[in-house]
Amino acid sequence: MSNASRIPTVDLRPWLSGDPEARARTARTVDEALRTAGFLLVTGHGVDPALRTAIRSSARGFFRLPEEAKRAYAVRVGGRGWLGPGAEANSYAEGTAAPPDLKESLSFAADEPTGDAAVDAEWFAANTWPEETPELRALVQTYLREMRTLSDRLLELLGVALGEDGGAEFFTRHTGHPTWGFNINWYPGRETVGEPEPGQFRIGPHTDFGTVTVLDRQAGRGGLQVFTDEDGWQDAPFDPAAFTVNIGDLMARWTGGRWQSGRHRVLPPPAELPAEELMSLVYFYECDPGTDVRGVDSHVYLRAQLDAITVERPE
């Protein structure tokens, strides 16, 4: 069995129709997939592809700016702004020493205050919007509303698929005021970044940290690969109409290990296509701060993981 068959395409329309048989069928498919690869392709989501295209076009304008202009927005991992070259190494989360990831990111995160000053200072700070691309703000904010709705729908589906008491609300009762992150990841080609170092990837091997990740990606030679014990590393199946959805460490823990956090990587820019550049829109969904996930504070864990993948630079 290949990764293409281990990672099914799930059409949300039968699930959302309310038909009991269709919903049960969908839940069984999801349960099986999350026991192996931890990944799904999701169609029938209703998100306009033109919105994704417009975000990429605007963000590309930012990433093409001179580095000195982008540096005004520079932040550490977990901040709101620009993660420049060398800022992040995702393989650190697995305890693997590796060169920094070959990417740049515009990072945004939850920004609606809860009223708890300490929580708000750490998790609900204001976002930074580049002045050079003024149209990006409205596009991203529209997209984020769509992602929040879609993520809760996915968590309702996962709650039913898990079969625990609480059903569709098993997870969403903990997403009344959740944290989330959103990265626009730019993966330049070799014409820009040069020859990768040994063991260097666009994103190194890792698992995500939260509940569900909703990824809008582009096909490419230096694209996404998924790891399973049965198949090793394989190219992830691609459908331009679909979102790629995977579960993270909090979800795997929440299910007592029944589901597997999806291990993945993004390959280095290919030598045979030195001009290939890709851009991914990555929405990381989490839960309410302080949620107890089988004895672990969700956000103590999240902060530790964000710190783990930060590449420390000498002052």
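Residues numbered from 1 in each chain as written. Predicted model: local features only at pLDDT ≥ 70, side-chain atom pairs only at ≥ 80, totals over all residues. Heavy atoms only, no water.

Q: Is there a simple way to think about the overall build of the protein in this case?
A: Counting its regular elements, the protein contains 11 helices and 14 strands. For 315 residues, the compact-globule estimate of 2.2 N^0.38 gives 20 Å, and the protein sits close to it at 19 Å. In terms of its C-alpha atoms, the protein occupies a principal-axis envelope of roughly 55 × 50 × 40 Å. When the 315 residues of the protein are sorted by exposure, 53% land in the buried category. Sequence separation of 24 or more characterises 79% of the internal contacts of the protein that already satisfy a separation of 6 or more. Within the structure as shown, the protein displays about 13,500 Å² of accessible surface, and the carbon and sulfur contribution to it stands at 50%. (Helix = DSSP H or I, 4+ residues; strand = E, 2+ residues; numbered from the N terminus. Rg over C-alpha atoms; globule rule 2.2 N^0.38 Å. Buried < 20%, exposed > 50% of the residue type's maximum accessible area, 1.4 Å probe, protein only. Contact = heavy atoms within 4.5 Å. Areas by Shrake-Rupley, 256 points an atom, 1.4 Å probe, with all protein chains shown as cover.)

Q: Hey, could you run me through the packing of aromatic side chains in this one?
A: Geometrically, a pair of aromatic rings is defined through the distance of the ring centres and the angle of the planes. Under the definition given, this model contains 11 aromatic pairs. Aromatic pair Tyr283 and Tyr285: ring centres 5.9 Å apart, planes at 25 degrees, arrangement stacked. Each member of the pair Tyr283 and Tyr285 is classed as buried. Taken together through their ring pairs, the aromatic side chains of Phe62, Phe63, Tyr73 and Trp186 make up a single cluster. Here the basic side chain of Arg23 rests over the ring of Trp15, its NZ or CZ set 3.7 Å away from the ring centre. Directly above the aromatic system of Phe243 lies the positively charged group of Arg52, at a separation of 4.9 Å from the ring centroid. (Phe/Tyr/Trp six-rings, centres within 6.5 Å; stacked < 30°, edge-to-face > 60°. Lys NZ or Arg CZ within 6 Å of the ring centre and 35° of its normal.)

Q: How do you make sense of the sheet that holds strand E6 (residues 203-206) when you look at a structure like this?
A: Within a sheet, each strand pairs with its neighbour through backbone hydrogen bonds, oriented either parallel or antiparallel. Ordered by their spatial adjacency, four strands build an open sheet running E6-E11-E8-E9, and the pairing between neighbours is antiparallel. For this open sheet the edge positions go to E6 and strand E9 (232-235), each flanked by a neighbour on one side alone. Adjacent strand axes in the sheet meet at a mean angle of 20 degrees when their direction is disregarded. As paired strands, E6 and strand E11 (residues 264-266) are joined by two bridges and run antiparallel to one another. Across the sheet, residue Ile203 finds its bridge partner in E11, namely Val266. (Pairing = 2+ DSSP bridges. Axes fitted to C-alpha atoms, helices over the stretch in contact; angles between N-to-C directions.)

Q: Even after reading the chapter, I still don't get helix H7 (residues 136-162), so can you show me in this structure?
A: For the α-helix, the turn length of 3.6 residues means that residues three or four positions removed from each other point alike. Helix length check: H7 (27 residues) gives 37 Å between terminal C-alpha atoms against 39 Å at 1.5 Å per residue, within 8%. Residue Gly163 follows H7 closely and has a positive phi angle near 80 degrees. (Expected span 1.5 Å × (residues − 1).)

Q: Any chance you could explain the pairing of E9 here in plain terms?
A: Regular strands place side chains that alternate from one sheet face to the opposite one. As defined by bridge partners, strand E8 (residues 224-228) adjoins E9 across four bridges and the pair is classed as antiparallel. Bridge pairing in E9 places Gln225 opposite Asp235. Turn length for the E8-E9 hairpin, with the two strands adjacent in sequence and antiparallel, is three residues.

Q: How should I be thinking about the sheet that holds strand E2 (residues 39-43) in this particular structure?
A: Overall, mixed pairing links the eight strands, which are arranged E1-E2-E10-E7-E12-E5-E4-E3 in an open sheet. Of all strands in the sheet, those bounded by a partner on one side alone are strand E1 (9-11) and strand E3 (81-83). Strand-to-strand, the axes of this sheet are offset by a mean angle of 25 degrees, without reference to chain direction. As paired strands, E1 and E2 are joined by three bridges and run parallel to one another. Residue pairing across strands places Asp11 opposite Thr43, the latter belonging to E2. Across the sheet, helix H3 (residues 20-34) touches E1, E2 and strand E10 (243-247), and the angle it forms with E2 is around 145 degrees. H7 contacts E2, strand E4 (104-109), strand E5 (180-187), strand E7 (212-216), E10 and strand E12 (278-285) of the sheet and is inclined by roughly 55 degrees relative to E12.

Q: What is the right way to look at the nonpolar core in this model?
A: It is characteristic of soluble globular proteins that their nonpolar side chains tend to be buried jointly. Of all hydrophobic cores here, the largest spans 63 residues; its most connected members are Phe63, Val140, Tyr143, Leu158, Phe182 and Ile184. Considering each element in turn, this core owes the most residues, 12 residues, to H7. Discounting residues that sit within four places of it in the chain, Tyr143 has contacts with Val47, Leu51, Arg52, Ile55, Phe182, Asp216, Phe243 and Leu281. (Core = buried A, V, L, I, M, F, W, Y, C linked by side-chain atoms within 4.5 Å.)

Q: I'm lost on the packing of H3 against H7 in this one. Help?
A: Each pair of packed helices gets described by two things: the angle between the helix axes and the distance between those axes. Two numbers describe how H3 lies on H7: the axes approach to 8 Å, and their chain directions differ by 85 degrees. Relative to H7, the element H3 lies roughly perpendicular. On the side of H3, the interface is formed by Thr26, Ala27, Val30, Asp31 and Leu34, while H7 contributes Leu157, Leu158, Val160 and Ala161. Tallied by class, residues from the contact of H3 with H7 come to seven nonpolar, one polar and one charged. (Parallel < 35°, antiparallel > 145°, perpendicular 65-115°, else oblique. Nonpolar A, V, L, I, M, F, W, Y, C, P; charged D, E, K, R; others polar.)

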